[in-house]
Amino acid sequence: MTAQSVLDAVRRVEEAPLADLVGVSVDDVEAQMDHLLGPEIDTASLYRRWERQQWAVSDLDFSADVQHWQNLPASTRQVMQNTMTLFFIGEQAVTDTLAPLLYAAPYEDERIFLATQIADEARHTVFFQRFFEEVLEVGGGLHAALEAIGPRATEGFRKIFEHQLVDAMDLVRREPHNGRAWVEGVVTYHLIIEGYLAVAGQRSLLRLLRNVGMMPGFVAGFTAVARDESRHIGFGVLALRRRIAKQPEMARVVTLKVLELLEPAVRTAVAPDRRLPIEDPRTVPPPLRVNGQELRDFALSSLAKRLRASGVSEPAAEEIRVQGVDLYEAAWSEYERKHGLRHPVRFYQEGLVSAL
Ligand SMILES: [Fe+2]
Ligand SMILES: [Fe+2]
């Protein structure tokens, strides 16, 4: 993208009312997400964006989505429902755990921004509740959503959301003056969960639905979610940059925490225990294909970009990216051993198939 086309994309994302977000591509949202890492962005400008970018779950119309969902192939529905459930768990978990970070934030501007983020996360949870109930016909909230996809599918991501996140935030609550615990909380929440796990899920779901022009209610709402997440990730990077600028040794704290979380995070994304409903991606129509290798490279380079923007050195960010690549390879091989099948990503790696 040229500098001008980046600015155009940023404007398209930032100024679109909810009804127009269905026409905004995830590439534009990603350009905007990167724009919010720039040196001219501060917590006050993120707050102003929040004021202007309000939206209401109750304004969304899911009537076409109900029909479209039934028309998608069953295997695609199953893969999508897994990703959507991961988001549902994630949104509820982050809504429930963000308060200690606000309480312990030492600066007023950070507490103000985090108050807006808590409201956003609550809205995202309500978005998924409504979508699951009306479109997927899974009423009864998160518990029912988890039942619907089966316990094996959720093992990996429960580790991140129910243990790592809860423990990190509990330490912040118990020790509000522990600056290191606060930084580790932001790494867990804003860098790993939002800046790594969520961005990959956003990209795959929104691309695929745009390719086929389906589920306009979900696409509009989920693009609004993604735009909110851009602000949250931008805030996380600002908060880390502030600490590293004051205490350069905090860069090491950030790096160590990321390295600790990387394996469970990659295993959440790959979920080697979960047998995929698609064995050979050549049987899937091209617009509905997801190239796991491309998604991996995108997610890991997004994470490395955010680390560099936080003030982590280039070699340390690169080391994390390279370790991430190895962890994916290990998780894919584990899948193959467990299920006695080739992982679908191999078809992309060998050039036997390509996505749109
Ligand atoms: Fe969220
Ligand atoms: Fe968020």
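My aim in this report is to walk through the structure given alongside it, one point at a time. (Residues numbered from 1 in each chain as written. Chains lettered and ligands numbered in written order. Predicted model: local features only at pLDDT ≥ 70, side-chain atom pairs only at ≥ 80, totals over all residues.)

Points about the overall build of the protein
Looking only at helices and strands, one finds 15 helices and zero strands in the protein. By the compact-globule yardstick of 21 Å for 356 residues, the protein fits well, its C-alpha radius of gyration being 19 Å. Each principal axis of the C-alpha atoms in the protein carries an extent, and together these give about 55 × 45 × 45 Å. Once local pairs closer than 6 in sequence are excluded, the contacts in the protein between residues at least 24 apart make up 80%. (Helix = DSSP H or I, 4+ residues; strand = E, 2+ residues; numbered from the N terminus. Rg over C-alpha atoms; globule rule 2.2 N^0.38 Å. Contact = placed C-beta atoms within 7 Å.)

As for the nonpolar core
With 110 residues, the main nonpolar core has L101, I192 and A265 as its most contacted residues. Sorting elements by how many residues they give to this core places helix 10 (residues 179–212) first, with 18 residues. Here L101 is in contact with L114, M169, V172, W182, G185 and Y189, once residues within four sequence places are set aside. (Core = buried A, V, L, I, M, F, W, Y, C linked by C-beta atoms within 7 Å. Buried ≥ 20, exposed ≤ 12 C-beta atoms within 10 Å, placed from the backbone.)

A few points about unusual backbone geometry
With a phi angle near 55 degrees, M215 is a residue other than glycine that sits in the positive phi range. Since 27 C-beta atoms lie within 10 Å of it, M215 is described here as buried. With a phi angle near 50 degrees, A271 is a residue other than glycine that sits in the positive phi range. Along the chain, A271 turns up in the loop between helix 12 (250–270) and helix 13 (292–310).

Focus on helix 2 (residues 26–35)
For helix 2, a buried count of seven out of ten residues is recorded, marking the element as mostly surrounded by other parts of the structure. By the burial criterion, the buried members of helix 2 are V26, D28, V29, E30, A31, Q32 and M33. Looking at the packing, one finds that the buried side of helix 2 touches helix 1 (3–15), helix 10 and helix 11 (216–246).

Quick word on the packing of helix 10 against helix 11
At a minimum axis separation of 9 Å, helix 10 and helix 11 run at an interaxial angle of 150 degrees. Classified by the angle their axes make, helix 10 and helix 11 are roughly antiparallel. Of the two possible hands of crossing, helix 10 and helix 11 adopt the one that is left-handed. (Axes fitted to C-alpha atoms, helices over the stretch in contact; angles between N-to-C directions. Parallel < 35°, antiparallel > 145°, perpendicular 65-115°, else oblique. Left-handed = near helix turned anticlockwise from the far one by under 90°.)

Points about the environment of I320
In this fold, I320 is placed in helix 14 (residues 314–339). Judged by local crowding, I320 falls into the partly exposed class, with 19 C-beta atoms found within 10 Å. Along the backbone, I320 and L300 are 20 residues apart, and their C-alpha atoms lie at a distance of 8.4 Å. Beyond its immediate chain neighbours, meaning those up to four positions away, I320 contacts T255, V258, L259, L262, L303, A304 and L307.

Observations regarding the environment of L295
Residue placement: L295 occurs in helix 13. Measuring from C-alpha to C-alpha, the distance between L295 and S204 comes to 7.6 Å, with 91 residues separating the pair along the chain. Discounting chain neighbours no more than four positions away, the residues touching L295 are A200, R203, S204 and V290.

Describing the packing of helix 10 against helix 13
At their nearest, the axes of helix 10 and helix 13 sit 9 Å apart, and the two run at 145 degrees to each other. Crossing angle aside, the handedness with which helix 10 passes helix 13 is right-handed. Contact with helix 10, carried on its side by L191, G195, Y196, V199, A200, R203 and S204, involves L295, F298, A299, S302, L303 and R306 of helix 13 and no other residues of that element. Split into classes, the residues belonging to the contact of helix 10 with helix 13 amount to eight nonpolar, three polar and two charged. (Nonpolar A, V, L, I, M, F, W, Y, C, P; charged D, E, K, R; others polar.)

Observations concerning the environment of E162
Mapped onto the secondary structure, E162 falls in helix 9 (residues 155–174). Exposure remark for E162: the 13 C-beta atoms within 10 Å place this residue in the partly exposed category. Expressed as a C-alpha distance, the spacing of E162 and G90, which sit 72 residues apart in the sequence, is 9.6 Å.

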